[in-house]
Amino acid sequence: TLDVELQRRLMAVWTAATAQGATGAIVVVGVDRGEVLACVSMPGYDLNQYRADYARLATDNINMPLLHRALWALYPPGSTVKPVSAVAGLASGRFGPHSTVVCDGILHASDAPNRCWIYGRGAHGPVDAPEALKHSCNIYFYTVANRLGLSQLSDWFGLFGLGARPGTGLDEERGGNVPLTSPYPGEARNCAIGQGGMLASPLQIANLMATIARGGSFLSPIVALEGAPERVRRDLPVEPEHIRLVH
């Protein structure tokens, strides 16, 4: 499914950055069919020189050129999962399209204070779901977590493909982690903003966004047009109005 020209263009984006020591990944997933159109991990290496260069590549523990960052590397996803938290809150019925949460910059929970990212520089004030996403307001999503709890929130992350291998059939892909239980009372709040025990690959996050972009219909991503694993398809239990708000 790779678009070779797009792949080349995106690799070129990294040329100057890698010269300065930058590392990273780019994944492009087609919305309509869930095809992986580009999948770049940088820095890379010349496959034609792989055997000759292997010793150097394998011992480079700073740039790690053999690490496929787009598929194998797992990161705390941070605010990229807030759209899922917003969908979960709206679908639960505990938040309406125009329900607001007042952000004072800090949420005084029973176990520990939880701060918004702008704590110390002001507050977002009253925000509904679209405004909370627009400003990435932690307090709104902490409140979602408090009302839903870790188990229900984790179920929604799973519906969007987090915590499971993406299903491309590529050996390098990994499923990441979505905590189902935790001894820490604030784990749900951490997960709602993509922290705590949450881990995901760039491919998973790209496919999460594609799921929202196609109106809440999940498709496991595909790389091979023939001989690929059977694809996972599911329509998420969310109202079209709610997915449009998040979109």
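Note that this is a predicted model, so its numbers are computed, not measured. (Residues numbered from 1 in each chain as written. Predicted model: local features only at pLDDT ≥ 70, side-chain atom pairs only at ≥ 80, totals over all residues. Heavy atoms only, no water.)

## Re the packing of aromatic side chains
Item 1. Inspection of the entire model under this criterion finds four aromatic pairs.
Item 2. Here the aromatic rings of Tyr-45 and Tyr-50 are separated by 5.4 Å at their centres, their planes lie at 40°, and the arrangement is tilted.
Item 3. We classify Tyr-45 as partly exposed; its relative accessible area is 40%.
Item 4. Residue Tyr-50 is classed as partly exposed on the basis of its relative accessible area, which comes to 30%.
Item 5. Relative to Phe-141, the ring of Tyr-140 lies with its centre 5.2 Å away and its plane at 75°, an arrangement referred to as edge-to-face. The same class applies to Tyr-140 and to Phe-141, which are both buried.
Item 6. Pairwise contacts between aromatic rings join Tyr-45, Tyr-50 and Tyr-54 into one cluster.
Item 7. Just above the ring of Trp-72 sits the side chain of Arg-174; from NZ or CZ to the centre is 3.8 Å. (Phe/Tyr/Trp six-rings, centres within 6.5 Å; stacked < 30°, edge-to-face > 60°. Buried < 20%, exposed > 50% of the residue type's maximum accessible area, 1.4 Å probe, protein only. Lys NZ or Arg CZ within 6 Å of the ring centre and 35° of its normal.)

## Description of the state of the cysteines
Every disulfide links exactly two cysteines, by a covalent bond between their sulfur atoms.
Item 1. Summed over all chains, the structure comprises zero disulfides.
Item 2. Free of any disulfide, Cys-103 has its nearest cysteine sulfur in Cys-137, 3.7 Å distant.
Item 3. Classification of Cys-103 by relative accessible area gives buried; the value is 1%. (Disulfide = S-S within 2.5 Å.)

## Digging into the layout of surface pockets
A probe matching the size of a water molecule, rolled over the atoms, marks out where space remains unfilled.
Item 1. Here the largest pocket is characterised by a volume of approximately 480 Å³.
Item 2. For the lining of the largest pocket, the secondary structure elements donating two or more residues are helix H1 (4–19) and strand E2 (36–42).
Item 3. Here the lining of the largest pocket takes five residues from E2, the largest share from any one element.
Item 4. Looking at the lining of the largest pocket residue by residue, the classes come out as 16 nonpolar, four polar and one charged.
Item 5. Every residue lining the second largest pocket is counted, 17 residues in all, and those nearest its centre are Gly-161, Ala-164, Arg-165, Pro-166 and Phe-218.
Item 6. In terms of residues, the lining of the second largest pocket owes the most to one element, helix H7 (residues 202–213), which gives three residues.
Item 7. A class-by-class count of the residues in the lining of the second largest pocket yields seven nonpolar, six polar and four charged. (1 Å grid on protein atoms, 1.4 Å probe; cavity = no way out; pocket = protein on both sides within 12 Å on 5 of 7 lines; lining within 4 Å. Points joined across faces, edges and corners; volume = space filled by probe spheres on them. Helix = DSSP H or I, 4+ residues; strand = E, 2+ residues; numbered from the N terminus. Nonpolar A, V, L, I, M, F, W, Y, C, P; charged D, E, K, R; others polar.)

## Re the pairing of E2
Item 1. Across the seven residues that make up E2, a large majority, six, are buried.
Item 2. Taken together, the six bridges between strand E1 (residues 24–29) and E2 define a ladder with antiparallel strand orientation. Within the sheet, the bridge partner assigned to Gly-24 lies in E2 and is Met-42.
Item 3. Linkage of E1 to E2, two consecutive antiparallel strands, is achieved through a turn of six residues, within which Gly-34 is found at a positive phi near 70°. (Pairing = 2+ DSSP bridges.)

## Overview of the nonpolar core
Item 1. Ranked by size, the top nonpolar core spans 44 residues in total, and within it Tyr-140, Phe-157 and Leu-162 carry the most contacts.
Item 2. Elements with a minimum of two residues in this core: helix H3 (82–92), strand E3 (101–103), helix H4 (129–135), helix H5 (138–159), helix H6 (187–192), H7 and helix H8 (240–246).
Item 3. Of all the elements, H5 adds the most residues to this core, at eleven residues.
Item 4. Among residues more than four places away in sequence, those in contact with Leu-162 are Val-81, Phe-157, Gly-175, Val-178, Met-198, Ala-200, Gln-204, Ile-205 and Leu-208.
Item 5. Of all hydrophobic cores here, the second largest spans nine residues; its members include Val-36, Leu-71, Ala-206 and Ala-210. (Core = buried A, V, L, I, M, F, W, Y, C linked by side-chain atoms within 4.5 Å. Contact = heavy atoms within 4.5 Å.)

## Quick look at the pattern of salt bridges
Item 1. The full count for this structure, using the stated rule, is four salt bridges.
Item 2. Here Asp-53 ties to Arg-56 by a salt bridge, and the two come within 3.5 Å at their closest N and O atoms. Here the residue Asp-53 and the residue Arg-56 both occupy positions in helix H2 (residues 50–58), the gap between them amounting to three residues, near one helical turn.
Item 3. Overall, the relative accessible area of 53% leaves Arg-56 in the exposed class.
Item 4. The salt bridge involving Asp-111 is made with Arg-189; its shortest N-O contact spans 2.7 Å. (Salt bridge = Lys/Arg side-chain N within 4 Å of Asp/Glu carboxyl O.)

## Concerning the side chain of Thr-143
Item 1. Note that Thr-143 resides in helix H5.
Item 2. Among residues more than four places away in sequence, those in contact with Thr-143 are Phe-95 and Val-101.

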